[in-house]
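An overview of the molecular structure
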Amino acid sequence: MKTLVIGTGGREHALALALSLDPGVSEVHAAPGNPGIAAVATLHDVDPMDGAAVAALSVELGIDLVVVGPEAPLVAGVADSVRAAGIAVYGPSAAAAQLEGSKAFSKDVMAAAGVPTAGSHVCTTPEEAAAALDGFGAPYVVKDDALAAGKGVVVTTDRDEALAHAATCDRVVIEEFLDGPEVSLFAVCDGRTARALQPAQDFKRIFDGGRGANTGGMGSYSPLPWAPPGLADDVLASVVQPTLDEMNRRGTPFVGTLYVGLALTATGPRVIEFNCRFGDPDIQPVLALLESPLGVLLHAAATGRLDSVAPPTFADGASVTVVMASAGYPESSSKGDVIVGTETLDKETDVDVIHAGTALVSTSSTGGDRLVTAGGRVLAVRAVGSDIADARAKAYEGIASISFPGAQWRRDIAAEPLGVVEGASLKENL
Ligand code: AMP
Ligand code: GLY
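So, a few notes on the structure that sits alongside this text. (Residues numbered from 1 in each chain as written. Chains lettered and ligands numbered in written order. Predicted model: local features only at pLDDT ≥ 70, side-chain atom pairs only at ≥ 80, totals over all residues. Heavy atoms only, no water.)

Details of the packing of aromatic side chains
To keep it simple, the criterion reads: Under the pairing criterion, centres of Phe, Tyr and Trp rings, with the six-membered ring standing for Trp, must be within 6.5 Å; the plane angle then separates stacked pairs below 30 degrees from edge-to-face pairs above 60, leaving the rest tilted. Each helix is a run of DSSP H or I of at least 4 residues and each strand a run of E of at least 2, with the numbering of both proceeding from the N terminus. Exposure categories follow from relative accessible area, calculated using a 1.4 Å probe and restricted to protein chains: below 20% of the type maximum is buried, above 50% is exposed, and the middle band is partly exposed.
Applying the stated rule across the entire model yields four aromatic pairs. For the ring pair Tyr90 and Phe278, a centre distance of 6.0 Å and an interplane angle of 20° mean the geometry is stacked. Here Phe278 lies in the loop between β17 (268-275) and α10 (283-289) and Tyr90 lies in strand β5 (residues 88-90), a separation of 188 residues in the sequence. Phe278 shares its class with Tyr90; the two are buried. A connected cluster of aromatic rings, assembled from ring pairs, spans Tyr90, Phe186, Tyr259 and Phe278.

Brief notes about the site of ligand 2
Short version of the rule: Nearness is judged by heavy atoms alone; a residue qualifies as near a molecule or strand once a single heavy atom is within 4 Å of it. Under the rule applied, a polar contact is a pair of N or O atoms within 3.5 Å (in protein, one hydrogen donor and one hydrogen acceptor; residues adjacent in sequence only if both atoms are side-chain atoms). Computed with the Shrake-Rupley method and a 1.4 Å probe, the accessible areas treat only the protein chains shown as cover for residues.
In the neighbourhood of ligand 2, the contacting residues comprise Asp202, Lys204, Gly216, Tyr259, Asn275, Arg277, Gly279, Asp280 and Asp282. Asp202 has a polar side-chain atom sitting 2.7 Å from a nitrogen atom of ligand 2. Contacts to ligand 2 include Gly216, whose backbone N or O atom sits 2.8 Å from a nitrogen atom. Alone, ligand 2 offers 200 Å² of accessible surface; in the complex the protein occludes 91% of this.

With respect to the nonpolar core
Inclusion rule: Definition of nonpolar core: a set of buried residues of the types Ala, Val, Leu, Ile, Met, Phe, Trp, Tyr and Cys, connected through side-chain atoms within 4.5 Å.
With 71 residues, the main nonpolar core has Val66, Val240, Phe254, Leu258, Val260 and Val320 as its most contacted residues. Looking at this core element by element, the count peaks at eight residues for helix α9 (residues 231-249).

Description of the sheet that holds strand β2 (residues 27-32)
The condition is simple: For two strands to pair, DSSP has to find at least two bridges joining them. Throughout, a residue-residue contact means that at least one pair of heavy atoms, one from each residue, lies within 4.5 Å. In this description, a line fitted to the C-alpha atoms serves as the axis of each element, helices being fitted only across the stretch in contact, and the angle between N-to-C directions of two axes falls anywhere from 0 to 180 degrees.
Strand order in this open sheet of five strands is β3-β2-β1-β4-β5, and the pairing throughout is parallel. Single-partner strands in this sheet number two, and they are β3 (42-43) and β5. Strand contacts of helix α1 (residues 10-20): β1 (2-7), β2 and β4 (65-68), with the helix running at about 170° to β1, the strand carrying the most contacts. Packing of helix α2 (residues 51-61) onto the sheet brings it into contact with β1, β2 and β4, and relative to β1 it is tilted by some 160°.

Spelled out as structure tokens, the structure:
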């Protein structure tokens, strides 16, 4: 099977790496990819947002499966263009990607499907926003309705800050605060059927202890020894299947990843958000532990045959991913800072350097290429170990051997006690 991964981040690097390890996959291509992906895939300089160009590349290469990584091309309809060219694509149509593209749409689907989630109001004026905030009370949760790369959400006890964020959005969703540890559950969907991957946890805030601004994710680990047994099956039954059924009823079947962001509250799991693709970095430790072939699973989903393949299986042990971000992240990012130390880790078997915002620049003095920063989240060190503590120690050993000016990373990813997590600490720090 020839595969093509669309995107340029850490998620796409982890996907390309896992596809390259599937014996059923003969070729891995990526567009546009990044310097890390280049080690496991052939890169093509094609705009991931240009559906016609992605479809043309897929036809030219004779691709059997296209995997669209990020939300922006999915919301823009890139999967529709590939599907229209007769090629199997893992990723939802533009219509189905509205589950992530519009928070108001996803809330409407959740309500129709009876999915447990936070109460919410969609507001378009400052008066409506103020009334909704006062209705729910503090802590306040204010979400920009539009796509915002994980950064459009403000959770605060400060009413003025909540109102100020609402004022920056055209349409804003104001929600009830959900208290409890957060879990990322990825459901691989073929339109009718879903298979859950092993749950993971993502650390979203920039600073240790769950402080500071929300980011796209600063680290993650899997599995979650403290999560209730049967959580994945429970969420498939109470959240994923009703959502797939509702999307079918609307004539827009969902094919791809339904990423269920959950809070495990005192009254059971409730949905914080839906995304229409794998989470980054949350998917990275999950893929590190996946034993069954990824290409077979995603191809079955893309072609409506999930019930014909065995459910995914995972290795024992654990995996931990720690992100290194550039100076200024998440408000801005710093480009061109020279990265040193990745080469030694590339030789380790239990540790991978997963590239996100990196680039190669040629240096006239030495004639060689230098790896430099090219975005907010620059790279991640991902390790597998016998348990979380072992994987964590290896990941931080890796982090210690890499450096670039202004590098930022959290010191508490997957730290003990494992039950004290972002959702809980968030509340603690408000
Ligand atoms: P989202 O982009 O919707 O995932 O929100 C980003 C982060 O804000 C989540 O991962 C949570 O940490 C927090 N958050 C969002 N919605 C809520 C909520 N209703 N209650 C508590 N925390 C929330
Ligand atoms: N890590 C969170 C996300 O991908 O949205």
